Amino acid sequence: MSNSMDWVSEREEKIKEEGSKEYFKIVEGENKIQLLSHCAPQPLKWSGTKYEPAEEGDQNISIKGVCWVLQDGTIKLAQLPYTVVKAIKALMEDPDYAFDEFPMPRLIKINAKGAGTKEVEYSVIPSPKEIAVSKDVLDELAKKPSPEEMVDRMKGKVSQAKKDTPEYPEADPIDSPF
C-alpha cells in the first residue's frame, strides 16, 4: 500500500545520496581517502544540536580542517576532525611517510569507532605504497576553490542566512532545504 507521504522518505534518500557525492563524511569503520589539498582551519561552535561557524568571542570552539580529498575516484570536500588533521601533520614529519606538497602521495585509512557521537575515536593509518594522482583529477582539482575560500563561503552562507532570517526563534536558516 502506497502512502501519500512516501515522497518524504524518497526525498531524504536522494538528498543523502547527492550529499555523499560532493562531501566526504567519516562513517563507522574504515574510510579510505587521498588528501588532495592542505587543510584550512575552520573554527566551529556547538549550538547544542549541531556545529556552526564560530564568531569572535565564542566559547568552546572546535577546529575542523577543510580540504579536498579523493574517495573512490571522486573529489569531495571534507571537514576533518582536529585529531585527524594532527595525525596527518605527524605523517608529514615522519621520515617513513614524509611529504611537503599536496596531493598527499599515498592513501590514508581513517578508522572511526563511535562515528556520529561526541565520543568518537579516530586512528589514521597511511598506505605503505605511494599512489600518483591522475592528471584528470589534478585538472578537476585546479578548478575547485581553495580550502580557505571554502571556509569563507561556509562562514558567508551562515552569516547571510542569519541576516536574512526574521526574528523567529523556531526558524533555522541553516537547516532549511530551500
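Residues numbered from 1 in each chain as written. Predicted model: local features only at pLDDT ≥ 70, side-chain atom pairs only at ≥ 80, totals over all residues. Heavy atoms only, no water.

### Topic: the nonpolar core
Alright, step 1. If you look at the biggest cluster of nonpolar residues, it comprises 18 residues, and the most contacted ones within it are Phe 24, Leu 35, Val 69, Leu 80, Ile 88, Ile 108 and Ile 110.
Alright, step 2. When contributions to this core are tallied by element, the ones reaching two or more residues are β2 (29–35), β5 (61–71), β6 (74–81), α2 (82–93) and β7 (108–113).
Alright, step 3. Setting aside its immediate chain neighbours within four residues, Ile 108 contacts Asn 31, Lys 32, Ile 33, Ile 88, Leu 91, Val 124, Ile 125 and Pro 126.
Alright, step 4. The next biggest cluster of nonpolar side chains, apart from the first, holds 13 residues, and it includes Leu 70, Ile 75, Leu 141 and Met 150. (Core = buried A, V, L, I, M, F, W, Y, C linked by side-chain atoms within 4.5 Å. Buried < 20%, exposed > 50% of the residue type's maximum accessible area, 1.4 Å probe, protein only. Helix = DSSP H or I, 4+ residues; strand = E, 2+ residues; numbered from the N terminus. Contact = heavy atoms within 4.5 Å.)

### Quick notes on the state of the cysteines
Alright, step 1. Counted according to the given criterion, the structure contains zero disulfides.
Alright, step 2. This cysteine, Cys 39, is not joined by any disulfide, and Cys 67 carries the nearest cysteine sulfur, 3.6 Å off. (Disulfide = S-S within 2.5 Å.)

### Some thoughts on the confidence of the model for the protein chain
Alright, step 1. Chain-level pLDDT for the protein chain is 85 on average; 82% of the residues reach the 70-or-more range.
Alright, step 2. Every residue in residues 165–173 scores below 50 in pLDDT, and together they form five contacts with partners more than four places removed in sequence or on other chains. (pLDDT = per-residue confidence, 0-100.)

### Quick look at the packing of aromatic side chains
Alright, step 1. Scanning the entire structure with this criterion turns up two aromatic pairs.
Alright, step 2. Between Trp 46 and Tyr 51 the ring centres are 4.9 Å apart and the planes differ by 65°, which places this aromatic pair in the edge-to-face class.
Alright, step 3. Tyr 51 sits in the partly exposed class, given a relative accessible area of 33%.
Alright, step 4. The lysine or arginine in question, Lys 64, covers the ring of Tyr 51, its NZ or CZ lying 5.3 Å from the ring centre.
Alright, step 5. Directly above the aromatic system of Trp 46 lies the positively charged group of Lys 118, at a separation of 4.6 Å from the ring centroid. (Phe/Tyr/Trp six-rings, centres within 6.5 Å; stacked < 30°, edge-to-face > 60°. Lys NZ or Arg CZ within 6 Å of the ring centre and 35° of its normal.)

### Quick notes on the pairing of β6
Alright, step 1. Among the eight residues in β6, six count as buried, and that is most of the element.
Alright, step 2. When strand β1 (residues 23–24) meets β6, the two strands line up parallel, connected through two bridges. What sits directly across from Tyr 23, in β6, is Leu 77.
Alright, step 3. Note: β5 against β6, eight bridges, orientation antiparallel. Within the sheet, the bridge partner assigned to Gly 65 lies in β6 and is Leu 80. (Pairing = 2+ DSSP bridges.)

### Considering the side chain of Gln 42
Alright, step 1. Mapped onto the elements of the fold, Gln 42 is located in strand β3 (residues 40–46).
Alright, step 2. Those residues in contact with Gln 42 that sit more than four places away from it in its chain are Pro 53, Ser 62, Ile 63, Lys 64, Val 66, Gln 79, Val 151 and Met 154.

### Quick notes on the side chain of Asn 31
Alright, step 1. Assignment of secondary structure puts Asn 31 in strand β2.
Alright, step 2. The class for Asn 31 is buried, based on a relative accessible area of 2%.
Alright, step 3. Within the structure, the side chain of Asn 31 is placed 2.9 Å from the backbone oxygen of Val 27, a separation counted as a polar contact.
Alright, step 4. Dropping the residues within four chain positions of it, Asn 31 is found in contact with Phe 24, Lys 25, Ile 26, Ile 108, Lys 109, Ile 110 and Ala 112. (Polar contact = N/O pair within 3.5 Å; in protein donor to acceptor, adjacent residues only side chain to side chain.)

### Looking at the pattern of salt bridges
Alright, step 1. By the definition in use, this model includes six salt bridges.
Alright, step 2. Through salt bridges that share partners, Lys 45, Glu 52 and Asp 58 make up one connected network. (Salt bridge = Lys/Arg side-chain N within 4 Å of Asp/Glu carboxyl O.)

### A word on the pairing of β7
Alright, step 1. Judged by which residues are buried, β7 turns out to be one-sided: Ile 108, Ile 110 and Ala 112 face inward and are buried, whereas Lys 109, Asn 111 and Lys 113, on the alternate face, are not.
Alright, step 2. In terms of strand pairing, β2 meets β7 through five bridges, oriented antiparallel. What sits directly across from Ile 33, in β7, is Ile 108.
Alright, step 3. Note that β7 and strand β8 (residues 121–126) share six bridges and pair antiparallel. Directly across from Ala 112, in β8, lies its bridge partner Tyr 122.

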